[in-house]
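Results of the structural survey
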Amino acid sequence: MPAALTSDVLIVGGGIVGAALAVGMSGKGANVRLLDGGDGDIRAARANFGLVWVQSKGHDMPAYARWTRKSADLWADFAGELTARSGIVLHHRTCGGLSFCLGAKALAEKRAMFARLHNQFAHGHADVTVLDRSELERLLPGVRLGDDVTGASFSPEDGDCDPLALLHALNAVMAQSGVQRHSETKATGVSVHGGYFRVETRSGLFEAPRLILAAGLGSTSLAESLGIHAPVRPERGQILVTERLAPFLPYTGDTIRQTADGTVMVGATHEDVGFDVSTTADAGAGLARHAVSIFPDLASAQLVRQWAGLRVLTPDGCPLYAESEAYPGAALITCHSGITLAAAHARVLAPALLNGPLGEPFRAFSANRFAVTS
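Computed from a predicted model, the values in this text were never measured in an experiment. (Residues numbered from 1 in each chain as written. Predicted model: local features only at pLDDT ≥ 70, side-chain atom pairs only at ≥ 80, totals over all residues. Heavy atoms only, no water.)

Side note on the packing of aromatic side chains
Threshold: Within 6.5 Å between ring centres, the rings of Phe, Tyr and Trp (the latter by its six-membered ring) count as paired, and their orientation is classed by plane angle as stacked under 30 degrees, edge-to-face over 60, tilted in between. Think of it this way: any DSSP run of H or I at least four residues long counts as a helix, any run of E at least two long counts as a strand, and we number them from the N terminus. Three labels apply to residues, based on accessible area from a 1.4 Å probe with only protein chains included: buried if under 20% of the type maximum, exposed if over 50%, partly exposed otherwise in between. Whether a charge lies above a ring is judged from NZ of Lys or CZ of Arg, which has to be within 6 Å of the ring centre and within 35 degrees of the ring normal.
This model, assessed by the stated rule, comprises 9 aromatic pairs. Judged by centre distance (6.5 Å) and plane angle (80°), the rings of W67 and Y321 are edge-to-face. Pair noted here: W67 is in helix 2 (residues 62–86) and Y321 is in strand 19 (residues 320–323), with a separation of 254 residues, a long-range link. Comparing W67 with Y321 shows no difference in burial state: the two are buried. On the numbers, 5.3 Å between centres and 65° between planes, the contact of Y321 with F365 is edge-to-face. Within this pair, whereas Y321 is found in strand 19, its partner F365 is found in the segment after helix 8 (342–355), the two being separated by 44 residues in sequence. The same class applies to Y321 and to F365, which are both buried. Pairwise contacts between aromatic rings join Y64, W67, Y321, F362 and F365 into one cluster. The ring of W307 has R305 lying over it, and the distance from NZ or CZ to the ring centre is 4.3 Å.

Right, here's the structure in full:
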């Protein structure tokens, strides 16, 4: 059997989460290898809307609200560094975000929710204002709103980026930093030998004293073999994209946003359908109706694409940063907010994993919160 390829750190998963950790760890001097699967693998990035979003994060977990906010604060500098090193423009902007309300009940519920959050942890959550319709119209002069739009929540801390450009930039910086990325190299098993984690693939064996599982839904079986509880499930999200339109929406929306090239993205569904990544006509029609109910002029826009992907969800929707107690040095890192948290993953979490074990503020994201008590 050929000798295993060794490194300081072995990362399984080449999506946004794994790539951000690889960039962060290599930046601290670690010799990193990253194993990525093939195009047929399940990739959460395929359903990504590109939001760098804070206003609705951490409703029931203040630590998640603080963590999201920290990452958003790091994002501008993080994007600037990636662009400077890769030459790839990420189109990141902190332009403010809108979550639209349809109907009086939705607006009342939004007001109540953010009032509760303000009282719960005033200094940990995003700066959010709930606007009524007249205030929203002043924020969007010249934009025709649907009759059912009653207002929106607005946070100046929200924004967006081009998720594909982010992944390309991370890959480019990985190459510059000496990260050895192995594509079409799906991990099929993991074992422990003499203090090293050995990952089996069809392309050969890989070993390292530190192992990071960041393959989303593909990490579950590997994690369980290391004693890491990984209660994650897939959720399908479908998205529509229109033709290029003249700029009309200067803010990003949680379900509608206009990209840098003028297209409008409309999303996204929340479907419990297992691992099915097909698109459906019903979902497309529902997304289109939703978009037109907010911006009636979109009714004349041509749709050019519809696609679907799978989110990685934990039982409470918050990130899962789980370390193996039986095999120190192994960790599972997964979340459905890979874009928002990319800056914090690279700048904060990656160095913490190198120094390990994780302490505060990461204990809130351990698998212990899902433990069943009698």
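Notes on the packing of helix 2 against helix 8
Which entries qualify depends on this criterion: Note on geometry: axes are C-alpha line fits, over the in-contact stretch for helices, and angles between N-to-C directions span 0 to 180 degrees. For classification, angles of less than 35 degrees are called roughly parallel, those exceeding 145 degrees roughly antiparallel, those between 65 and 115 degrees roughly perpendicular, and all remaining angles oblique. Contacts between residues were defined by any pair of non-hydrogen atoms, one from each residue, lying within 4.5 Å. All residues other than Ala, Val, Leu, Ile, Met, Phe, Trp, Tyr, Cys, Pro, Asp, Glu, Lys and Arg, Gly among them, are scored as polar; the first ten of these are nonpolar and the last four charged.
Orientation of helix 2 relative to helix 8, taken along the N-to-C sense of each, is 85°, at an axis distance of 7 Å. The angle between helix 2 and helix 8 places the two elements in the roughly perpendicular class. Facing W67, K70, S71, L74, W75, D77, F78 and E81 of helix 2, the residues of helix 8 in contact are A342, A343, A344, H345, A346, R347, V348 and L349. Along the lines of polarity and charge, the residues of the contact of helix 2 with helix 8 split into 10 nonpolar, 2 polar and 4 charged.

Side note on the pairing of strand 20 (residues 330–334)
Quick reminder of the rule: Two strands pair if DSSP finds at least two bridges between them.
With respect to burial, strand 20 is a largely interior element, 5 of its 5 residues being buried. Residues A330, L332 and T334 line one face of strand 20 and the alternating positions A331 and I333 line the opposite face, and both faces are buried. Taken together, the 4 bridges between strand 19 and strand 20 define a ladder with antiparallel strand orientation. Opposite A322, over in strand 20, you have L332 as the bridge partner.

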